[in-house]
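Each chain is listed here by its residues.
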Amino acid sequence: MANLGISHTHVNQYGSVPAKKPVTTRHRIQTAIHATFFTAAFLFVVAMVCGIVG
């Protein structure tokens with residue numbers, strides 16, 4: 001293994017395993033918006049490839 005200059009003490013100090021935060025309503029709304037944008041972009045590209053748009 002490569003020596004990256006950090007000991008295990010420092011890794012543990014900064015938390016090698018992040019603590020899970022409870023999911024907030026704002027996070028759920030943002031996730032839904034991102035999923036909607038991703039889906040719309042995907043469908044737009046599919047429509048362009050199939051010749052429906054453009």
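Right above here is the structure, for reference.
All figures in this text were calculated on a predicted structure; none of them were measured in a lab.

(A) Structural view of the overall build of the protein chain. When helices and strands are tallied, the protein chain shows two helices and zero strands. Counting over 54 residues, the protein chain shows a buried share of 2%. Accessible area for the protein chain stands at about 5,500 Å²; split by element, carbon and sulfur atoms hold 68% of it.

(B) Structural context of helix α2 (residues 25-50). Spanning 26 residues, α2 covers 37 Å between terminal C-alpha atoms, matching the ideal 38 Å at 1.5 Å per step. Of the residues one or two after α2, glycine 51 is the one with positive phi, at around 85°.

(C) Quick peek at a nonpolar patch on the surface. Where nonpolar side chains cluster on the molecular surface, the patch consists of Phe44, Val45, Met48, Val49, Ile52 and Val53 and spans about 600 Å² of accessible area. Using a relative accessible area of 47% as the deciding quantity, one classes valine 45 as partly exposed.

(D) Examining the environment of alanine 47 more closely. Mapped onto the elements, alanine 47 comes out in helix α2. Sequence-distant contacts of alanine 47, defined by excluding residues within four places in its chain, comprise Ile52 and Val53.

Thresholds applied
- Residues numbered from 1 in each chain as written.
- Predicted model: local features only at pLDDT ≥ 70, side-chain atom pairs only at ≥ 80, totals over all residues.
- Heavy atoms only, no water.
- Helix = DSSP H or I, 4+ residues; strand = E, 2+ residues; numbered from the N terminus.
- Buried < 20%, exposed > 50% of the residue type's maximum accessible area, 1.4 Å probe, protein only.
- Areas by Shrake-Rupley, 256 points an atom, 1.4 Å probe, with all protein chains shown as cover.
- Expected span 1.5 Å × (residues − 1).
- Patch = residues over 30% accessible without salt bridge, like charges linked within 9 Å, V, L, I, M, F, W, Y side chains within 5 Å.
- Salt bridge = Lys/Arg side-chain N within 4 Å of Asp/Glu carboxyl O.
- Contact = heavy atoms within 4.5 Å.

Taken by themselves, the reported measurements are silent on function.
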